[in-house]
Amino acid sequence: MVPNAITSFSLLVGVLAALRATQGEFIDAGWLIVLSILLDKLDGTAARLLGSTSDFGMQLDSFADLVAFGVAPGVTVFCFISMDTYGLFAWWHSPGGNVLLHAMAGVYILGSCLRLAKFNVMTELEGPGSVFYGMPTTYAGGVMALSMLVALNHMNVGFSVGVLRVLPVVALLCGFAMVSNAVLPKVTTRTSKALNVLQIACLALAYICGFTRSFPEYMFCLMATYGLVGFIWGYIHRGEFRDVLDQMMDSDDAEPVLENA
């Protein structure tokens, strides 16, 4: 019950984030998405510590992730651009820009849905595994939320205004990245004790920042560092995972797994 309760709360937080975005409260929406990210990490940790992992929990987690890291960020970006509270997005209100805005938000949400379906299939094929195949939805949600929060914190900097203007493009790129086969190592226990201490310290500080709604810059830098180092490592070592990727791409093998699930 404990991990499923945390997952359910994460789903409701994601719904609240989308609702706050429709009301024009974008800073609230961004921080609520960040809170869902922290809860997503917490429910997995609770399940492992309590020895209470289950197929039901995995399916519930997928639904929560779709809402919190797919629908909520997509709705937030769409509302942020379409409401244009800061008067920065004139081009996106042109006929062509408006169509692209709808399409890019749609691609992001669809990409998160496909990514979660692929994750469930991969879990059935090879178990939990040590890497992700494609950008995780949690990571994509963090990119969207923290990019917006950091940029809004530094509106006096021209670069930040540029970041806000291209948020739909960032959403589009994340949508494609989620359905890619890029390899990203998971944050897990390492053989090096010093590295484990560093990971714990970084995560603990991230939880403090997330729960106190402070220093999104730190959380963004932490996420960017993990993504940069992780995807480079994954590219270098992609050959080690070739067999799994080939199996994943074989639809004949995947369909029975989906039917049994």
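Model, not experiment: these values are computed from the prediction. (Residues numbered from 1 in each chain as written. Predicted model: local features only at pLDDT ≥ 70, side-chain atom pairs only at ≥ 80, totals over all residues. Heavy atoms only, no water.)

Asks: Can you tell me about the nonpolar core, naming the residues and giving the values?
Replies: Among the nonpolar cores identified, the biggest contains 47 residues, and Phe80, Leu164 and Met219 are the most heavily contacted of them. Once you skip the residues sitting within four places of it in the chain, Leu164 turns out to touch Phe80, Ile81, Leu88, Phe89, Met148, Ala151, Leu152 and Met155. (Core = buried A, V, L, I, M, F, W, Y, C linked by side-chain atoms within 4.5 Å. Buried < 20%, exposed > 50% of the residue type's maximum accessible area, 1.4 Å probe, protein only. Contact = heavy atoms within 4.5 Å.)

Asks: A description of the confidence of the model for the protein should follow, citing residues and the corresponding values.
Replies: Averaged over the protein, the pLDDT score is 86; the fraction of residues at 70 or greater is 90%. Per-residue pLDDT stays below 50 along residues 251–261; that stretch engages in 6 contacts with residues further than four places along the chain or on separate chains. (pLDDT = per-residue confidence, 0-100.)

Asks: For a nonpolar patch on the surface, give the residues involved together with the corresponding values.
Replies: Taken together, the side chains of Leu228, Val229, Ile232, Tyr235 and Ile236 make up a nonpolar region of the molecular surface, amounting to roughly 560 Å² of accessible area. In this structure, Val229 sits in helix 9 (residues 216–236). (Patch = residues over 30% accessible without salt bridge, like charges linked within 9 Å, V, L, I, M, F, W, Y side chains within 5 Å. Areas by Shrake-Rupley, 256 points an atom, 1.4 Å probe, with all protein chains shown as cover. Salt bridge = Lys/Arg side-chain N within 4 Å of Asp/Glu carboxyl O. Helix = DSSP H or I, 4+ residues; strand = E, 2+ residues; numbered from the N terminus.)

Asks: Let's hear about the environment of Phe220: which residues, and what values?
Replies: Looking at the element boundaries, Phe220 is found in helix 9. A relative accessible area of 30% places Phe220 in the partly exposed class. For the pair Phe220 and Val143, spaced 77 residues apart in the sequence, the C-alpha separation amounts to 7.5 Å.

Asks: Give a description of helix 1 (residues 2–22) that names residues and reports values.
Replies: With 21 residues, helix 1 should cover 30 Å at 1.5 Å per step; its first-to-last C-alpha distance of 31 Å lies within 8% of that length. Residues of helix 1 that are buried: Pro3, Asn4, Ile6, Thr7, Ser10, Val13, Gly14, Ala17, Ala18 and Ala21. Next to the buried residues of helix 1 lie helix 2 (26–50) and helix 3 (55–83). Note on helix 1: the residue one or two positions beyond its end, Gly24, has a positive phi of about 85 degrees. (Expected span 1.5 Å × (residues − 1).)

Asks: For the packing of helix 5 (residues 137–153) against helix 9, give the residues involved together with the corresponding values.
Replies: It is at 9 Å that the axes of helix 5 and helix 9 come closest, and there the two elements cross at 140 degrees. The angle between helix 5 and helix 9 falls in the class oblique. The handedness of the crossing between helix 5 and helix 9 comes out as left-handed. On helix 9, the residues that touch Tyr139, Gly142, Val143, Leu146, Ser147, Leu149, Val150 and Asn153 of helix 5 are Pro216, Glu217, Met219, Phe220, Met223, Ala224, Tyr226 and Gly227. (Axes fitted to C-alpha atoms, helices over the stretch in contact; angles between N-to-C directions. Parallel < 35°, antiparallel > 145°, perpendicular 65-115°, else oblique. Left-handed = near helix turned anticlockwise from the far one by under 90°.)

Asks: Now, about the packing of aromatic side chains: what can you tell me, with residues and values included?
Replies: Taken as a whole and judged by the stated rule, the model has 6 aromatic pairs. Here a set of aromatic residues connected by ring pairs shows up, and it is made of Phe26, Phe80 and Phe89. Cation over ring: Arg238 sits above Tyr235, and NZ or CZ is 4.0 Å from the ring centre. (Phe/Tyr/Trp six-rings, centres within 6.5 Å; stacked < 30°, edge-to-face > 60°. Lys NZ or Arg CZ within 6 Å of the ring centre and 35° of its normal.)

Asks: Give a description of the pattern of salt bridges that names residues and reports values.
Replies: This model, assessed by the stated rule, comprises 2 salt bridges. Across the pair Asp28 and Arg20 runs a salt bridge, and its minimum N-O distance is 2.7 Å. Taking the shortest distance from any N to any O, the salt bridge between Asp28 and Arg213 comes out at 2.7 Å. Taken as a pair, Asp28 in helix 2 and Arg213 in the loop between helix 8 (193–212) and helix 9 lie far apart in primary sequence, 185 residues in all. Residue classification places Asp28 among the partly exposed positions, given a relative accessible area of 21%. The class for Arg213 is partly exposed, based on a relative accessible area of 41%. Several salt bridges converge on common partners, so that one network encompasses Arg20, Asp28 and Arg213.

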